[in-house]
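# Survey of secondary and tertiary structure
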Amino acid sequence: MLSKISAIIKKINVDLSDYYPSLFTLVFVTILFQYPLSSFESILYDLRIRWDFGAKPTPEIVIVTLDEESDDYLGDVYPYTYATHSRFLTKLLQSGPRIINYFVQMPEIKVAEEAHFAEFKQSLKGFINKGGRVNFATEVSDVAGEELPPLPLRTFNYSLAQLNVDNNIFSKDDVVRRAILNVSGEDSLHFLAANQFRE
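These figures come from a predicted structure and were not determined experimentally.

About the cut-offs
- Position numbers for residues count from 1 along each chain, tracking the sequence in the order it is written.
- Residue-level local features of this predicted model are given only where pLDDT is at least 70; pairs of side-chain atoms are given and counted only at 80 or more, and the full residue set underlies all totals for whole chains, interfaces and linings.
- Think of the side-chain values as coming from all heavy atoms in the structure, minus any hydrogens and water.
- Centres within 6.5 Å make a pair out of two Phe, Tyr or Trp rings, where for Trp the six-membered ring is used; the pair is then stacked when the planes are under 30 degrees apart, edge-to-face when over 60, and tilted otherwise.
- Numbering of helices and strands runs from the N terminus, with a helix taken as a DSSP run of H or I at least four residues long and a strand as a DSSP run of E at least two residues long.
- Throughout this description, buried means an accessible area under 20% of the type-specific maximum (1.4 Å probe, protein chains only), exposed means over 50%, and partly exposed covers the range between.
- A contact between two residues is defined here by any heavy atoms of the two lying within 4.5 Å.
- Two strands form a pair only when DSSP identifies at least two bridges running between them.
- By convention, orient the strands away from the viewer: a clockwise path from the first strand over the helix to the second makes the crossover right-handed.
- Think of each axis as a best-fit line through the C-alpha atoms, taken over the contacting stretch in the case of a helix, with angles from 0 to 180 degrees between the N-to-C directions.
- Note on angle classes: values under 35 degrees are labelled roughly parallel, values over 145 roughly antiparallel, values of 65 to 115 roughly perpendicular, and the remainder oblique.
- Definitions for this section: a left-handed crossing has its near helix turned counterclockwise from the far helix by less than a right angle. A right-handed crossing has that turn clockwise.
- Each residue gets a pLDDT score, which is the predictor's confidence in that residue and runs from 0 to 100.

### A short note on the packing of aromatic side chains
Across all of its chains, the model carries 6 aromatic pairs by this definition. With a centroid separation of 5.8 Å and 55 degrees between ring planes, the pair formed by tyrosine 82 and phenylalanine 120 is classed as tilted. With tyrosine 82 in helix 5 (residues 82-93) and phenylalanine 120 in helix 6 (residues 114-129), the pair connects residues that are 38 residues apart, well separated along the chain. Taking the centre distance of 5.9 Å and the plane angle of 90 degrees together, the rings of tyrosine 102 and phenylalanine 120 count as edge-to-face. Taken as a pair, tyrosine 102 in strand 2 (residues 99-102) and phenylalanine 120 in helix 6 lie far apart in primary sequence, 18 residues in all. This pair shows no difference in class: tyrosine 102 is buried, exactly as phenylalanine 120 is.

Quick look at the structure:
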């Protein structure tokens, strides 16, 4: 039996080494279709950003986002009052930013806070009059739709800043490496701030 098979192979005279590239390609494509490579892409993106000497962070663009650690720094508990926002903005403006992006859901204005809200809004207007830019981030909720800032703050720029798209968060460090740039013809906050910085 074995002698018959070896005789047939000798007659065909097939060199299997010619098929190695095809077999390797087939295995590689199969792996690509079975496993998501977003983690690998994230690692390559991190290396590119880390070792790209042309891209440097700038203190001119400030992103304000408040979390549990902010409670200790601000001496208040979330949701923050406009008195707290006003104190924070005063400290922030001392660092001389050019663009401030607020990634904070701003509370509705209560009667007791109208004076602090007026102070907060006046500080923002003063910053803009000196050539600064202020942008408020909005997000889309499944229930309420786009959550806009309170009506008096809508005189400032506000735009969608939805980040968590396509599960593009690298699980080890929670860094989002992709963001929406345009929604229904309107620039997202990220694209808006980039264009403002170029001006």
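### Side note on the environment of alanine 137
Tracing the backbone shows alanine 137 in strand 3 (residues 133-141). Residue alanine 137 is classed as buried on the basis of its relative accessible area of 12%. C-alpha of alanine 137 to C-alpha of phenylalanine 103: the two residues are 34 residues apart in sequence and 5.0 Å apart in space. Discounting residues that sit within four places of it in the chain, alanine 137 has contacts with Tyr102, Phe103, Ser159, Ala161 and Leu189.

### Quick notes on the pairing of strand 3
The sheet contact formed by strand 2 and strand 3 spans 4 bridges and is parallel. Note on strand 3: the bridge partner recorded for isoleucine 99 is arginine 133. For the crossover from strand 2 across helix 6 to strand 3, the handedness is right-handed. One ladder, built from 4 bridges, connects strand 3 with strand 5 (residues 157-160); its direction is parallel. Along strand 5, the bridge assignment pairs threonine 138 with leucine 160. With 3 bridges connecting them, strand 3 and strand 4 (residues 145-147) associate as antiparallel partners. In the strand pairing of strand 4, glutamate 139 is matched with glutamate 147.

### What about the side chain of glutamine 196?
Note that glutamine 196 resides in helix 7 (residues 189-198). Those residues within four positions of glutamine 196 in sequence are excluded, and the remaining contacts are Arg98, Ile99, Arg133, Asn135 and Asn157.

### Focus on the packing of helix 5 against helix 6
When two helices pack together, you describe them by how their axes are tilted relative to each other and by the distance separating the axes. Their axes nearest at 8 Å, the elements helix 5 and helix 6 cross at an angle of 25 degrees. Here helix 6 runs roughly parallel to helix 5, going by the angle between their axes. Crossing of helix 5 against helix 6: the hand is left-handed. Residue-level inspection shows Tyr82, Ala83, His85, Ser86, Leu89 and Leu93 of helix 5 in contact with helix 6, the latter providing His116, Phe117, Glu119, Phe120, Ser123, Leu124 and Phe127.

### Examining the confidence of the model for the protein chain
With 77% of its residues at a pLDDT of at least 70, the protein chain reaches an overall mean of 77. By mean pLDDT, strand 6 (residues 169-170) is the weakest element of the protein chain at 46, and helix 6 is the strongest at 90. Within the model, the stretch residues 166-171 combines pLDDT values under 50 with 14 contacts to residues more than four positions away or in other chains.

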